[in-house]
Amino acid sequence: MSTFAKMAMTSSLTPTSTTTTLSIFFSLFLILGVAISQTEARAFFVFGDSLVDSGNNNYLATTARADSPPYGIDYPTRRATGRFSNGLNIPDIIQQIGSSESPLPYLSPELNGQRLLVGANFASAGIGILNDTGIQFINIVRIPQQLEYFRQYQSRVSALIGEESTKQLINQALVLMTLGGNDFVNNYYLVPNSARSRQYALPDYVPFLISEYRKILMRVYNLGARRVLVTGTGPLGCVPAELAQRSRNGECAVELQQAAALFNPQLTQMLQDLNSELGSNIFIAANTQQMHIDFITNPQAYGFITSKVACCGQGPYNGLGLCTPLSNLCPNRDLYAFWDPFHPSERANKIIVQQIMTGSSEYMNPMNLSTILAMDSMA
């Protein structure tokens, strides 16, 4: 086993001195970047919701958009791009490790020619595992349509480089899938006595979601994906939006925390079962709930002054409404774990990606992403 692979499997983030920790990991990022860039570049495909949407909703008539300031205030262009972040989101940071070019939104008119070979981002803010999740946003790209776009993408690339080369590109690609949070926040718990909460008790709703998610993942597999990183939900009851609506003294909302506590272990088990059935580690589970909990419960250890108050927003915890030019805006986004009422700041996203890349088995199952990339480079 290479030194790179050993390093990937043994490194993990611990809340020691913030300056030391971050300097170590940014150095590690450079090392990983060099190692990965020495391998053949691989395409990157992204499916999911607002945590990973890079701007598809900009091209849709929907309220689920992040296309105006102060979104993007710390992005390289200093402009709102459709990312629900002050700067880079999780796919951007993952892609930066191996290359400087993030895949474009699939709906972008610029996604053509050689840019297609980089990959594509199909994610759309507001969507969930279920098709009735996010109905209030009306015109969003639900997961069946995202997968249909993936099929169309392959046809477009086949016309460019041929069917066999396209199959190889897809088989060797990295896929990121982020779903589930909206099925609770924007469905089950959206309103009191929602249709889904009347239909299912929570202990029955979660297995239903998992069974539907399994179908989605098998569809991704049947479309050729062979390395699929699947993130769980964060601690849903601890985001500023839920604190503003449900918390009296800053404590996390119990019901939503219970939902996340049920969903994430069942998701990991389902992925393990799928890998066993397929005879290969196709699906990689990222315990993003624990990654968030680390800096939510001890924000100062990670250099944040707060994990309760959003940088951009209004009302209690800056957790009400949308982030707009009229919102309260913190002067230093790096000091806040949450950028807006629902989404991590760019710096929090970097901490999450650090754990995805090098985290221990507490965070990544069956192995972290840098180990997988190292193994693939030696195959």
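Predicted model only: the values in this text are computed from it and were never measured. In every chain, residue numbers begin from 1 and rise along the written sequence. Only residues with pLDDT of 70 or above have their local features reported here, since the model is predicted, and side-chain atom pairs are shown and tallied only from 80 upward, although totals for entire chains, interfaces and linings are computed over all residues. Only hydrogens and water are set aside; all other atoms, that is, all heavy atoms of the structure, feed into the side-chain values.

## Looking at the overall build of the protein chain
Reasoning step 1: From N to C terminus, the protein chain includes 13 helices and eight strands.
Reasoning step 2: In the protein chain, 71% of the contacts between residues at least 6 apart in sequence involve partners at least 24 apart.
Reasoning step 3: Per element, the accessible surface of the protein chain, about 15500 Å² overall, is 53% carbon and sulfur. Comment: elements are numbered from the N terminus, with helices defined as DSSP H or I runs of at least four residues and strands as E runs of at least two. When checking whether two residues touch, look at their non-hydrogen atoms; a contact exists if any pair is within 4.5 Å. In this description, accessible areas are obtained by the Shrake-Rupley approach with a 1.4 Å probe, and a residue is regarded as covered only by the protein chains that are shown.

## Here's the deal with the environment of Asn131
Reasoning step 1: By secondary structure assignment, the location of Asn131 is in the loop between β2 (119-121) and α4 (143-161).
Reasoning step 2: Among all residues touching Asn131, those that are not within four sequence positions of it are Arg142 and Pro144.

## What about the confidence of the model for the protein chain?
Reasoning step 1: Confidence of the predictor at the level of single residues is given by pLDDT, which spans 0 to 100. For the protein chain, mean pLDDT is 91; residues scoring 70 or higher make up 89% of the total.
Reasoning step 2: This stretch, residues 16-21, has a pLDDT under 50; its non-local contacts, to residues over four places away or in other chains, come to nine contacts.

## Side note on the state of the cysteines
Reasoning step 1: Whenever a pair of cysteine sulfur atoms sits within 2.5 Å, that pair is classed as a disulfide. Tallying each qualifying case throughout the model produces three disulfides.
Reasoning step 2: Disulfide pairing is shown between Cys311 and Cys330; the S-S distance is 2.0 Å. Looking along the S-S bond of the Cys311-Cys330 disulfide, the torsion reads about -95°, which is the left-handed sense. Highlighted residues: Cys311 in the loop between α11 (288-297) and β6 (312-313) and Cys330 in the loop between β7 (328-329) and α12 (346-358), separated in sequence by 19 residues.
Reasoning step 3: Here the term buried applies to any residue with accessible area under 20% of the maximum for its type, exposed to any over 50%, and partly exposed to those in between, with areas from a 1.4 Å probe on protein chains only. On the basis of relative accessibility, which here comes to 2%, the residue Cys311 falls in the buried class.
Reasoning step 4: The buried category is assigned to Cys330, whose relative accessible area is 5%.
Reasoning step 5: For the protein chain, the bonded cysteines pair up as 1-2, 3-6, 4-5 when numbered in the order they occur along the sequence.

## A short note on the packing of aromatic side chains
Reasoning step 1: Pairing of aromatic rings covers Phe, Tyr and the six-membered ring of Trp, with a centre-to-centre limit of 6.5 Å; geometry is then stacked below 30 degrees between planes, edge-to-face above 60, and tilted otherwise. Taken as a whole and assessed by the stated rule, the structure comprises 20 aromatic pairs.
Reasoning step 2: Note on Phe184 and Tyr205: the rings are 5.7 Å apart at their centroids and 85° apart in plane angle, and the pair reads as edge-to-face. Within this pair, whereas Phe184 is found in helix α6 (residues 181-188), its partner Tyr205 is found in helix α8 (residues 202-222), the two being separated by 21 residues in sequence. The two residues Phe184 and Tyr205 agree in class, both being buried.
Reasoning step 3: Among the aromatic residues, ring-to-ring pairing joins Phe45, Phe47, Tyr106, Phe122, Tyr149, Phe150 and Tyr153 into one connected group.
Reasoning step 4: A ring is scored as having a charge over it whenever the NZ atom of a lysine or the CZ atom of an arginine sits within 6 Å of its centre and within 35 degrees of its normal. Above the face of the Tyr221 ring, Arg226 is positioned so that its terminal group lies 3.9 Å from the ring centre.
Reasoning step 5: Over the aromatic face of Phe304 sits the side chain of Arg347, whose NZ or CZ is 4.8 Å from the ring centroid.

## Observations regarding the sheet that holds strand β8 (residues 364-365)
Reasoning step 1: Strand order in the open sheet made by the six strands is β2-β1-β3-β4-β5-β8, with mixed pairing throughout. At either margin of the open sheet sits one strand with a lone partner, and together these are β2 and β8.
Reasoning step 2: A pair of strands is considered paired only if DSSP assigns at least 2 bridges between the two. In the sheet, strand β4 (residues 228-231) pairs with strand β5 (residues 283-286) via four bridges, with the strands oriented parallel. Counterpart to Leu229 in the pairing with β5 is Ile284.

## Some words on the environment of Pro235
Reasoning step 1: Counting through the fold element by element, Pro235 comes out in the loop between β4 and α9 (240-246).
Reasoning step 2: Owing to a relative accessible area of 3%, Pro235 belongs among the buried residues under this scheme.
Reasoning step 3: Distance in space between the C-alpha atoms of Pro235 and Gln289 is 5.3 Å, their sequence separation being 54 residues.
Reasoning step 4: Non-local contacts of Pro235, meaning those with residues more than four positions away in its chain, are made with Gln257, Gln289, His292, Ile293 and Ile296.

## Focus: the nonpolar core
Reasoning step 1: By size, the foremost hydrophobic cluster in this structure holds 73 residues, and its most contacted members are Phe45, Tyr153, Met177, Phe184 and Tyr213.
Reasoning step 2: If you tally residues by element for this core, the top one is α8, at 12 residues.
Reasoning step 3: Judged by nonpolar contacts, the second largest core, of 38 residues, contains Val46, Tyr302, Ala348 and Ile356. In plain words, nonpolar cores are sets of buried Ala, Val, Leu, Ile, Met, Phe, Trp, Tyr and Cys residues tied together by side-chain atoms within 4.5 Å.

## Notes on α12
Reasoning step 1: Taking 1.5 Å per residue, 13 residues should reach 18 Å; α12 reaches 18 Å between its end C-alpha atoms and fits that length.
Reasoning step 2: The element α12 is largely enclosed, with a buried count of 12 among its 13 residues.
Reasoning step 3: Within the span of α12, buried status applies to Glu346, Arg347, Ala348, Asn349, Ile351, Ile352, Val353, Gln354, Gln355, Ile356, Met357 and Thr358. Under the convention used throughout, the expected extent of a helix is 1.5 Å for every residue step, that is, one less than its residue count.

## Thoughts on the pattern of salt bridges
Reasoning step 1: Salt bridges are defined by distance alone: a side-chain nitrogen of Lys or Arg within 4 Å of a carboxyl oxygen of Asp or Glu. Under the definition given, this model contains 12 salt bridges.
Reasoning step 2: Among the salt bridges present, the one from Arg42 reaches Asp376, with a minimum N-O distance of 3.1 Å. Of the two residues, Arg42 is situated in the loop between α2 (18-37) and β1 (44-48) and Asp376 in helix α13 (residues 369-378); the sequence distance between them amounts to 334 residues.
Reasoning step 3: Relative accessible area serves as the criterion here: at 23%, Arg42 is assigned to the partly exposed category.

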